[in-house]
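What the coordinates show
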Amino acid sequence: MVSIHSKWRYLFMFLGIQLVVMALLSREGYQKRVSYFIRIFRKPDTAGVSGRNHTPAIFGGSDVYANLSQLSKAHSHGNAMPYCPKTSPLIGGPIHVSFPSGLTLAEVQRKNPLVVRGGRYRPPDCEAKHRTAIIIPHRHREHHLKFLLYYLHPFLQRQQLHYGIYVIHQAGNYTFNRAKLMNVGFREAMKEEDWDCLFFHDVDLIPEDDRNTYVCDSNPKHAAIAMDKFGYKLPYKMYFGGVSALTPLHYLKMNGFPNNYWGWGGEDDDIGVRVSLAGMYITRPTLKVGRYKMIKHKLDKGNDVNPKRFNMLAKTRSTWKLDGMNTADYETISRQYLPLYTNITVNIGTEAGLHPPPPTPRPPAKAAGKPTVKAPTEGLAKSATKLKEGPSEK
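Definitions and cut-offs
Counting from 1, residues in each chain are numbered in the order their sequence is written. Note on the predicted model: pLDDT of at least 70 is required for a residue's local features to be given, and 80 or more for side-chain atom pairs to be given and counted; whole-chain, interface and lining totals, by contrast, use all residues. Processing note: side-chain calculations cover all non-hydrogen atoms of the structure and skip hydrogens and water entirely. Runs of H or I in DSSP of at least four residues are treated as helices and runs of E of at least two as strands, each being numbered from the N terminus. Each residue is assigned to one of three classes by its accessible area relative to the maximum for its type, calculated with a 1.4 Å probe on protein chains only: buried under 20%, partly exposed between the two thresholds, exposed over 50%. It only takes one pair of heavy atoms within 4.5 Å for two residues to be counted as in contact. Per-residue accessibility takes into account occlusion by the displayed protein chains alone, with areas from the Shrake-Rupley method and a 1.4 Å probe. By definition, two strands form a pair when at least two bridges between them are found by DSSP. A helix's residues, less one, multiplied by 1.5 Å, set its expected span. Cysteine sulfur atoms are paired as a disulfide whenever they come within 2.5 Å of each other. Pairing of aromatic side chains requires ring centres within 6.5 Å, counting the rings of Phe and Tyr and the six-membered ring of Trp. Pairs whose planes differ by under 30 degrees are stacked, by over 60 edge-to-face, and all others tilted. Note on geometry: a ring has a charge over it if NZ (lysine) or CZ (arginine) is within 6 Å of the ring centre and within 35 degrees of the ring normal. A pairing counts as a salt bridge when a side-chain nitrogen of Lys or Arg comes within 4 Å of a carboxyl oxygen of Asp or Glu. Here a crossover is taken to be right-handed if, once the strands point away from the viewer, the path from the first strand over the helix to the second is traced clockwise.

Looking only at helices and strands, the chain has 10 helices and 11 strands in total. Going through the 394 residues of the chain one by one, you find that 42% of them count as buried. Residue pairs at least 24 apart in sequence account for 81% of intrachain contacts in the chain once pairs closer than 6 positions are excluded. Entry remark: accessible area of the chain is about 23400 Å², with carbon and sulfur atoms responsible for 59%.

Taken together, 3 strands build an open sheet; the order of strands is 5-9-7 and the sheet is mixed. The open sheet terminates on both sides in strands that have one partner only, identified here as strand 5 (205-207) and strand 7 (226-227). Note that strand 7 and strand 9 (residues 291-294) share 2 bridges and pair parallel. Paired with Met 227 across the bridge in strand 9 is Tyr 292.

Bridge analysis of strand 10 (residues 331-337) against strand 11 (residues 342-347) gives 6 bridges, and the strand direction is antiparallel. Pairing of Gln 336 across the sheet is with Asn 343, part of strand 11. Between strand 10 and the antiparallel strand that follows it, strand 11, lie 4 residues.

Quick look at helix 5 (residues 178-192) now. With 15 residues, helix 5 extends 22 Å from end C-alpha to end C-alpha; this agrees with the ideal 21 Å at 1.5 Å per step. With 11 of its 15 residues buried, helix 5 lies for the most part within the structure. Taken together, the buried positions of helix 5 are Arg 178, Ala 179, Lys 180, Leu 181, Met 182, Asn 183, Val 184, Gly 185, Phe 186, Glu 188 and Ala 189.

This part is about the state of the cysteines. Enumeration over the complete set of coordinates arrives at 2 disulfides. A disulfide bridge connects Cys 84 with Cys 126, and the sulfur atoms are separated by 1.9 Å. An S-S torsion of about 85 degrees defines the bridge between Cys 84 and Cys 126 as right-handed. Of this pair, Cys 84 sits in the loop between helix 2 (30-41) and helix 3 (105-111) while Cys 126 is found in the loop between strand 1 (120-121) and strand 2 (131-138), placing the two residues 42 residues apart along the sequence.

Bringing unusual backbone geometry into the picture now. Of note in this structure, Tyr 232 is not a glycine but carries a positive phi near 55 degrees. Mapped onto the fold, Tyr 232 is located in the loop between strand 7 and strand 8 (243-246). Of note, Asn 255 is a non-glycine position whose phi angle comes to about 55 degrees, a positive value. Within the secondary structure, Asn 255 sits in the loop between helix 6 (248-253) and helix 7 (267-277).

Moving on to helix 4 (residues 142-158). For helix 4, built from 17 residues, the straight-helix expectation of 24 Å at 1.5 Å per residue is met to within 8% by its first-to-last C-alpha distance of 25 Å. Within helix 4, 15 of the 17 residues are buried, which leaves it mostly tucked inside the rest of the structure. Downstream of helix 4 by one or two residues, Gln 160 has phi in the positive range, about 55 degrees.

A separate point is the packing of aromatic side chains. Under the criterion given, the structure shown has 13 aromatic pairs. Taken together, a centroid distance of 5.3 Å and an interplanar angle of 75 degrees make the contact between Phe 99 and Phe 147 edge-to-face. Taken together, the residues Phe 99 in the loop between helix 2 and helix 3 and Phe 147 in helix 4 connect sequence positions 48 residues apart. A residue is classified by how much of its surface remains accessible, and Phe 99, at 30% relative accessible area, is partly exposed. In this structure an aromatic cluster arises from ring pairing among Phe 186, Phe 200, Tyr 251 and Phe 257. One Lys or Arg, Lys 111, reaches over the ring of Tyr 65 and ends 4.5 Å from the middle of that ring.

Glancing now at the pattern of salt bridges. Applying the stated criterion across every chain yields a total of 17 salt bridges. A salt bridge links Asp 204 to Arg 141; the nearest nitrogen and oxygen atoms lie 3.2 Å apart. Of this pair, Asp 204 sits in the loop between strand 4 (197-201) and strand 5 while Arg 141 sits in the loop between strand 2 and helix 4, placing them 63 residues apart in sequence. Of the charged contacts, one joins Asp 210 and Arg 158 as a salt bridge, the two residues approaching to 2.7 Å between their closest N and O atoms. Placement of the pair is Asp 210 in the loop between strand 5 and strand 6 (221-222) and Arg 158 in helix 4, with a sequence separation of 52 residues. For the pair Asp 210 and Arg 158, one class covers both residues: buried. Within the structure, one salt-bridge network assembled from shared partners comprises Arg 120, Glu 188, Lys 191, Glu 192, Glu 193 and Arg 335.

So, on to the pairing of strand 3 (residues 162-170). Burial within strand 3 is extensive, with 9 of its 9 residues counted as buried. Going residue by residue along strand 3, you find His 162, Gly 164, Tyr 166, Ile 168 and Gln 170 tucked away on one face and Tyr 163, Ile 165, Val 167 and His 169 tucked away on the opposite face as well. Summarising the sheet, strand 2 and strand 3 pair through 8 bridges and their orientation is parallel. Note on strand 3: the bridge partner recorded for Ile 135 is Tyr 166. For the segment spanning strand 2, helix 4 and strand 3, crossover handedness is right-handed. The sheet contact formed by strand 3 and strand 11 spans 5 bridges and is parallel.

As structure tokens, this is what we get:
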């Protein structure tokens, strides 16, 4: 009898423990507690290399340089070189992006030994099917540029592209004009090589997935569809900012980009309208693939918000054929073929033109506080007349 009661007691205790465990697991936030205990017992990752941020696969993203160690350093382009496959075997998907302090251009150069003078690259073991030029409008953003180059070079190499990177630097301190610099970049890049695709790339946007291929589509492509600053969502349907791609034919059909947007804002929407007016439409990758991380920064000095942008946008339908590649005037100041990119410094003028007339000097302001004393000019004039005439005859 005693043993039977004991068995029932243990059975009820067992059922009670099960109910308590189920109640705990069903509570909101149990996953956080479980993850906490898993992290305690997980063996720490000690395989990291000093100076580089490594992120476990569970957080998404791999090292952008991971797949490039297998590439040969010898360029052996010849008649027997096979074409690269349609989909590169080096593509790995999500990329871990961080901005470690202390990064230098020398380190970026060391990590990209196959990039040659001027920021050019060709796959060493196959003939690329695509030739892509990267155009980066720039002024006073060297800190951002080194991070973009750190990620963009291996990103493009993983896609087995033949590519070149052009940084178009606006000289002087007049208000920044992003769209006009992109017009300059198109013209200067096409002078050097017959590129079949041109990517116009903001300096502060880092791609996070190498399946977002930097090749052109049959219509203009908007690549930066999902930025972290917009919650990885497209802010509005006609948005065409950040990173976009055009073939030379697309560029010619839409008359390039507007030249009269001085300051921040408006030119992206103008370009999006031009695409539609030229009889084309915008293509995009998926939200999952077209992800970008923005390097946080304040609004640049000399790039204040353009107060005229909305009035200008309202006139795009009547101005797009009159203002664009056919009216882009500029002067090339210098062209430097640096190890990681080609730097082209240009004078693009001001709103008043490429060589605006010097401002008219203002007359000096009168000193305040003392009454103005008129000089006795009339009496002096009479005296001078008498001296010239000599003594009067009587």
